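# An overview of the molecular structure
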Amino acid sequence: MSKFLVIVESPAKCKTISKFLGNQYELLASYGHVRDLPGKSLGIDVEKNFSPSYSKLKDKQKILKELSAKAKKSDLVYLATDPDREGEAIAWHIVEAINLPKSKIKRIVFNEITETAVKDAMKTSREINTNLVNAQQARRVLDRLIGYKLSPILSRKIQRGLSAGRVQSVAVKIICDREKIILAFESKEYWVIQSKLQKQTSKDTFTAKLVAKDTLKNKYEATTEKEAKLVEKNLNKSNYVIDDITKSNIKKNPPLPFITSTLQQEASRKLSWTAKKTMMVAQRLYEGQEIEGEPVGLITYMRTDSTRIADSAKSAAATYIKDKYDTNYLGYSTIKKKGKSNIQDAHEAIRPSDLSYSPERIEKFLENDFFKLYKLIWNRFLASQMAPALYDRTQVVVKASSKDATYFLRSSGSILKFDGFTRIYTEGLDDKQQDENKENLLPELEKNEEPKLNEVTTEQKFTQPPPRFSEATLVKELEELGIGRPSTYAPTISTIQDRGYIVKEQKKLCPSELGMVTNDQLEAYFNTILDLEFTANMENQLDEVQEGKLQWQEIVSSYYSPLEKMIDNANKTMEKVSVGERQLGPDPDSGKEVIVKIGRYGPMAQIGSTDDEEKPKFASIDSEDILKTITLEEALALFDFPKTIGQFEGKDIIVNRGRYGPYVKYDNGFISIPETLSINSITTEDALELIAEKKKKDKERIIHDFSDTQPPIQVLNGKYGPYINQAKKNFKIPKEIEPKSLTLEKCLDIIKNQKKKKKK
């Protein structure tokens, strides 16, 4: 019988850790939190120093019984939940929920799930850190107080069903503030004027941009077309001479290894992933994936704001770089992260847990998304330990002189002399950075050389407002402002979109009308909650609780006392505002009120109220603008969908509205209705054309079709390359195999092997 019980959060973690421990250890998963504040009441006694009242989660009753039974039969219970505040709180809640005696408890933490790390943790077990628990408890209590007190006000004064959160409200404010700047921005005209020049002795050309007039210090830019045409005329009759050449050696240092925020930013830029998806995949890589028949924890803990790297990992990286590339590629300096002083340095940066698991070695064992993120983390870590890239940079100043004017133009370019870390990794850039990093390739030039003019170009431009935030740039902004912590970025961004405050348009985060109005009301009546400095300071105070310097109730009290006054004032003086939600009148059939509003997934119509015994009916609306003008009859027409508009080959053709717009459904297939057609007037013939077009595209995707097999197998061209499909499951084709050469037998062999590798 097992003498020791080890409790973790997830079954995947159980499987990975169990192979490092002997038969005397039994592993069980709590499946995350086991207790929380009650769902239908505040659960906090404000009068008794904010004492929280926790209850066991209903869906964890069976798990808790099993944990309790196993714990009673074990000599010791090791709590191996995640190495952060939340993990510490989960461990504490488990102890409280099953009444574990203190003498049987040992808390262990590890930053990576490797044999060395786990066994070292067993040797250095400790008690539960109540300071960590209290820091998490303070956050939870604060968030409950704010949500429970503010949400009813927002529901009464703005729109039913609204809710507020501490960090989420600040994130919405940041996005709304940017939108206000964009709306108020006054664009100014300017002209980019360039001369394309050619060496007298060769066909080599380069382009120089106008930067000054009369003297190099006198910066100049044309602001009207008339002015630009005059400059163009003068440049066309000017004599050109190389006035100055400056050459310098530029060293570009490698990027730091990933922390939570930079991982989310880079996955957004390079993989077009949401922060939520990035963290979900990273969690699975940390907990373990099946590699060569064994569960392996592939990366270190993924919620961290520390760039520290263990000496053992540095040494392993140095050996790998020297063997794979050359000693010239070894990094020779340590670059420290600048900025916050309150970094949680108990963790390392995010890195591969074992460099022997190279991307090339394990690609065939990983699903596509897992491989993409693992390779990104691998390359970033290895690059961080490599030598800088070296460039020769040349900047040329060209003087253009005529009897009417003298202008100065500038051109610059870089030549890579040593690739260093860029051999394996180049950091992704935001839109603005991409524009700033564009440079010319310059020919060999000498001072006083006289290039000849090929042409002068003028281009009208207008100054642009700052861009809207993407998920990546919002995470960066939150981190720089000190708002939230690594574990909060992804859920914050998901929550503000789910609640309808923010919508995503072409990867940019835009405030909805609901978000703008809610933010305005919160700013007017709850300014402290939205104050960036106050919120950032709150995070610092939570860090002080973690360090044992502050009592968590002190923080809650300092926050709650002014909140009470603001709530009282808002209840008395905040006027009810209309935001998108309009009451259109009663439904003739049911007599229930018909309203239109911004819902969780965008603009929608609703018949009935959530307070009714019978659930309300919902229908999506194509555009937020329609909310202001839609009539009762038009809203009721939305509920006619899904609607059958005809048949083809004995099967119904159905049109409907979905989260991503109107569509045609036929034979279990879905085809988007283009903007050139209306869902209200689309005919059977229109739908058949769309169906035929989709069938044609689907046919073009087919490389092989083995329809006689049960279930059928197809070899298809996909967005990310060819793959095998069987029974709605996709299987990767090994790189060494040409898809067109695949036979049915070979497809079955690939499917069989990949199913074995993915079996849990």
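The numbers attached to residues start from 1 for each chain and follow its sequence in the written order. Where local features are concerned, this predicted model is filtered to residues with pLDDT of at least 70; where side-chain atom pairs are given and counted, the filter is 80 or more; whole-chain, interface and lining totals use all residues. With hydrogens and water set aside, each side-chain value is computed from the structure's full complement of heavy atoms.

### With respect to the sheet that holds strand 23 (residues 643–648)
- A sheet is described by the order of its strands in space; here 4 strands give the open sequence 23-24-25-26, paired in antiparallel fashion. Two strands lie at the open edges of the sheet, namely strand 23 and strand 26 (669–672), each paired on one side alone. On average, adjacent strands in this sheet sit at an angle of 30 degrees to one another, irrespective of strand direction.
- Here a strand pair is declared whenever DSSP counts at least two bridges between the two strands. Only DSSP runs of H or I with at least four residues qualify as helices, and only runs of E with at least two residues qualify as strands; both kinds are numbered from the N terminus onward. Across 4 bridges, strand 25 (residues 661–666) lies against strand 26 in antiparallel orientation. Bridging from a neighbouring strand, Val664 pairs with Ile671 of strand 26. In this analysis an axis means a line fitted to C-alpha atoms, helices contributing only their contacting stretch, and an angle means the value between N-to-C directions, from 0 to 180 degrees.

### Notes on the pairing of strand 28 (residues 713–718)
- Examined bridge by bridge, strand 27 (residues 702–706) and strand 28 share 4 bridges and lie antiparallel to one another. Pairing of Asp705 across the sheet is with Gln714, part of strand 28.
- Hairpin connection, strand 27 to strand 28: the antiparallel pair is bridged by 6 residues.
- As paired strands, strand 28 and strand 29 (residues 721–726) are joined by 6 bridges and run antiparallel to one another. Along strand 29, the bridge assignment pairs Val715 with Ile724.
- The hairpin turn running from strand 28 into strand 29, its antiparallel successor, is 2 residues long.

### Some words on the pattern of salt bridges
- Salt bridges are identified by distance alone: a Lys or Arg side-chain nitrogen within 4 Å of an Asp or Glu carboxyl oxygen. Per the stated rule, a full pass over the model turns up 40 salt bridges.
- The partner of Asp369 in a salt bridge is Lys277, and the shortest N-O contact between them spans 3.1 Å. Taken as a pair, Asp369 in helix 12 (residues 368–384) and Lys277 in helix 9 (residues 275–287) lie far apart in primary sequence, 92 residues in all.
- A simple rule labels every residue: compare its accessible area, found with a 1.4 Å probe on the protein chains alone, to the largest value its type can have, and call it buried under 20%, exposed over 50%, or partly exposed in between. Residue Asp369 is classed as partly exposed on the basis of its relative accessible area, which comes to 27%.
- We classify Lys277 as partly exposed; its relative accessible area is 27%.
- Here Lys732 and Glu363 are joined by a salt bridge, their closest N and O atoms 3.8 Å apart. Taken together, the positions of Lys732 in strand 30 (residues 729–732) and Glu363 in the loop between helix 11 (359–362) and helix 12 put the pair 369 residues apart, joining distant regions of the chain.

### Focus on the packing of helix 14 (residues 471–481) against helix 15 (residues 489–498)
- Interaxial distance between helix 14 and helix 15 falls to 11 Å at its minimum, and their mutual angle equals 120 degrees. Classified by the interaxial angle, the pair formed by helix 14 and helix 15 is oblique. Read as a crossing pair, helix 14 and helix 15 show a hand that is right-handed. Of helix 15, the residues touching helix 14 (which contributes Glu471, Leu474, Val475, Leu478 and Glu479) are Tyr489, Ile493 and Gln497.
- Charged residues are taken to be Asp, Glu, Lys and Arg, nonpolar residues to be Ala, Val, Leu, Ile, Met, Phe, Trp, Tyr, Cys and Pro, and polar residues to be all remaining types, Gly included. A breakdown of the residues in the contact of helix 14 with helix 15 according to their chemical character gives 5 nonpolar, 1 polar and 2 charged. If an angle is under 35 degrees, it is roughly parallel; if it is over 145, roughly antiparallel; if it lies from 65 to 115, roughly perpendicular; otherwise it is oblique. Crossings are assigned a handedness: left-handed for a near helix turned anticlockwise from the far helix by less than a right angle, right-handed for a clockwise turn. Any two residues having at least one pair of non-hydrogen atoms within 4.5 Å are treated as being in contact.

### Here we look at the sheet that holds strand 9 (residues 189–198)
- Here we have 6 strands laid out as an open sheet, ordered 11-14-15-10-9-16, and antiparallel in their pairing. Pairing within the sheet leaves two strands with one partner each, and these edge strands are strand 11 (239–252) and strand 16 (452–462). On average, each strand axis in the sheet is inclined to that of its neighbour by 30 degrees, with strand direction left out of account.
- Bridge analysis of strand 10 (residues 205–213) against strand 15 (residues 406–418) gives 4 bridges, and the strand direction is antiparallel. For Lys209, the partnering residue across the bridge sits in strand 15 and is Arg410.
- Here helix 7 (residues 225–236) sits on the sheet in contact with strand 9, strand 10, strand 11, strand 14 (389–401), strand 15 and strand 16, set at roughly 170 degrees to strand 16.

### Quick notes on the nonpolar core
- Counting 158 residues, the largest nonpolar core has Phe110, Leu298, Ile299, Leu373 and Phe526 as its most contacted members.
- What Leu298 contacts, discounting residues up to four positions off in sequence, is Leu285, Tyr286, Gln289, Ile291, Arg351, Pro352, Ser353, Tyr357, Ile362, Leu366 and Tyr374.
- Judged by nonpolar contacts, the second largest core, of 22 residues, contains Trp191, Leu197, Ala208 and Leu210. As used in this record, nonpolar core signifies buried Ala, Val, Leu, Ile, Met, Phe, Trp, Tyr and Cys residues forming a set joined through side-chain atoms within 4.5 Å.

### A short note on the packing of aromatic side chains
- Each Phe, Tyr or Trp ring (for Trp, its six-membered ring) is paired with any other whose centre lies within 6.5 Å, and the angle between the two planes then decides the class: stacked below 30 degrees, edge-to-face above 60, tilted in between. Applying the stated criterion across every chain, the model contains 14 aromatic pairs.
- Seen from their ring centres, Tyr25 and Tyr78 are 6.1 Å apart, and the 50 degrees between their planes marks the pair as tilted. Taken as a pair, Tyr25 in strand 2 (residues 25–29) and Tyr78 in strand 7 (residues 76–79) lie far apart in primary sequence, 53 residues in all.
- Each ring, one from Tyr663 and one from Phe670, has its centre 5.4 Å from the other, and the planes form 65 degrees; the classification is edge-to-face.
- The class for Tyr663 is buried, based on a relative accessible area of 18%.
- By relative accessible area, Phe670 is classed as partly exposed at 48%.
- One aromatic cluster in this structure is built from Phe4, Tyr25 and Tyr78.
- Directly above the ring of Tyr220 sits Lys213, whose terminal nitrogen or CZ lies 5.4 Å from the centroid.
- Only when the NZ atom of a Lys or the CZ atom of an Arg is both within 6 Å of the ring centre and within 35 degrees of the ring normal do we say a charge sits over the ring. For Lys270, the ring lying beneath its charged end belongs to Tyr425, and the centroid distance is 4.1 Å.

### Structural notes on helix 1 (residues 11–18)
- Three or more residues of helix 1 are buried, namely Lys13, Cys14, Thr16 and Ile17.
- In the core, the buried residues of helix 1 are packed alongside strand 1 (4–8), strand 2, helix 4 (115–123), helix 9 and strand 13 (294–296).

### A few points about the confidence of the model for the protein chain
- The score called pLDDT rates the predictor's confidence residue by residue, from a low of 0 to a high of 100. Per-residue pLDDT for the protein chain has a mean of 90; in total, 95% of the residues score no lower than 70.
- Note that residues 334–345 has pLDDT below 50 and, in this model, 24 contacts with residues that lie over four places away or in other chains.
- Predicted confidence is poor over residues 433–437, with pLDDT under 50, and the contacts of this stretch with residues over four places away or in other chains come to 4 contacts.

### Observations concerning empty space enclosed by the protein
- Cavities and pockets are defined on a 1 Å grid built over the protein atoms alone: a cavity is a set of grid points where a 1.4 Å probe fits but cannot escape, while a pocket is an open set with protein on both sides within 12 Å along at least five of seven lines, and lining residues are those with an atom within 4 Å of any such point. Grid points are joined across faces, edges and corners, and a volume is the space filled by probe spheres set on the points. Per the counting criterion, the structure on display carries 2 cavities of 30 Å³ or more.
- Reported here for the largest cavity is a volume of approximately 100 Å³.
- Lining the largest cavity are 14 residues, with Gln168, Ser169, Val172, Tyr501 and Leu522 sitting closest to its centre.
- Secondary structure elements with two or more residues in the lining of the largest cavity: helix 6 (166–184), helix 15 and helix 16 (513–525).
- A breakdown of the residues in the lining of the largest cavity according to their chemical character gives 6 nonpolar, 7 polar and 1 charged.

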